[in-house]
Amino acid sequence: TSRGNAAKDCQTFTRQLFLGFLDRNWLMTQAAQQKNRGEKVLDKAWGIFDNDGSLRLKPHDESLRKIIDVLEGFLQPVEDDVGTFNLGHVMRLLCAPPYGLNIASAGLLLALFIGKRRDNLNLLLNQQLISIETWLPDALQGNYLNLAILNNTEVIVVSQETISEWEKLLEDWDFENTYSDKIAFHNKALALQDKVPIP
């Protein structure tokens, strides 16, 4: 039910997956109810944990692996376009046939997919780059993901070129000794941000 304990536990798991905190060690520190539900659903049924307790890129469950493959397919670049998908569209896709997930399970699966890959993905809300930590309070209201926010959220792959440009700027900044040079690098960072999203 929408107000039952399962919905509350699912919201907790979804939040922690998005933030990148959920692993087997985290699960073992939870209250008995959440720990038991997490072990039954996430560990035994879905198989999301590796032998060392970390999250797998793909769950052990074959049906969920196929869905993860579909989501990864959306993120493959096509010609000059980087890989991207709209979260609202994907949520509807997961709830429709042939997948038929409920809203809670679809949200949990999206959180697993994004949380495990969070270092390689950016979120754009209304075409503006936003951190997962800033996005999540509006996106996860109550026990379920907010479809209105998902409709305006794009997931985009962070390219290696983007990472290398920012790494180069930060390393060069680190070598500067004067405040005026550091301020100049701040201005360079603002200019780069207009051109390349922050990874």
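A quick note: this is a predicted structure, and the numbers were derived from the prediction, not measured.

Now for the sheet that holds strand β3 (residues 128-130). With antiparallel pairing, 4 strands are arranged side by side in an open sheet as β1-β6-β2-β3. The open sheet has two edge strands with one neighbour each: β1 (84-86) and β3. The mean angle between the axes of side-by-side strands here comes to 30 degrees, regardless of whether they run parallel or antiparallel. Of the pairings in the sheet, the one linking strand β2 (residues 121-125) to β3 comprises 3 bridges and is antiparallel in character. Its bridge partner lying in β3, Leu125 is registered against Gln128. Sitting on the sheet, helix α5 (residues 87-95) is in contact with β1 and β6 (153-157), with an inclination near 70 degrees to β1.

To continue, consider the side chain of Arg117. Position of Arg117 relative to the elements: it lies in the loop between α6 (103-116) and β2. With a relative accessible area of 8%, Arg117 lands in the buried category. Beyond its immediate stretch of four places on either side in the chain, Arg117 contacts Leu57, Ile68, Glu72 and Leu112.

The amide bond that connects Pro97 to the next residue, Pro98, takes the cis arrangement and shows omega of 5 degrees. Within the element layout of this structure, Pro98 appears in the loop between α5 and α6. Located in the positive-phi region is Asn126, a residue other than glycine, with phi close to 50 degrees. Mapped onto the elements of the fold, Asn126 is located in the loop between β2 and β3. Phi is positive for Gln127, close to 70 degrees, though the residue is something other than glycine. By the element assignment, Gln127 lies in the loop between β2 and β3.

Pairing between side chains becomes possible if they bear opposite charge and their charged atoms approach one another. A complete count under the given rule lists 7 salt bridges for this structure. Residues Lys58 and Asp69 are paired through a salt bridge, measuring 2.6 Å at the closest nitrogen-oxygen approach. Of this pair, Lys58 sits in the loop between α3 (32-46) and α4 (62-74) while Asp69 sits in helix α4, placing them 11 residues apart in sequence. On the basis of relative accessibility, which here comes to 32%, the residue Lys58 falls in the partly exposed class. You can call Asp69 partly exposed: its relative accessible area is 37%. Across the pair Glu62 and Lys66 runs a salt bridge, and its minimum N-O distance is 3.8 Å. Here Glu62 pairs with Lys66, and both are found in helix α4, just 4 residues apart, close to one helical turn. Note on Lys66: relative accessible area 51%, which makes it exposed.

Cut-offs used in this document
- Residues numbered from 1 in each chain as written.
- Predicted model: local features only at pLDDT ≥ 70, side-chain atom pairs only at ≥ 80, totals over all residues.
- Heavy atoms only, no water.
- Pairing = 2+ DSSP bridges.
- Helix = DSSP H or I, 4+ residues; strand = E, 2+ residues; numbered from the N terminus.
- Axes fitted to C-alpha atoms, helices over the stretch in contact; angles between N-to-C directions.
- Contact = heavy atoms within 4.5 Å.
- Buried < 20%, exposed > 50% of the residue type's maximum accessible area, 1.4 Å probe, protein only.
- Salt bridge = Lys/Arg side-chain N within 4 Å of Asp/Glu carboxyl O.

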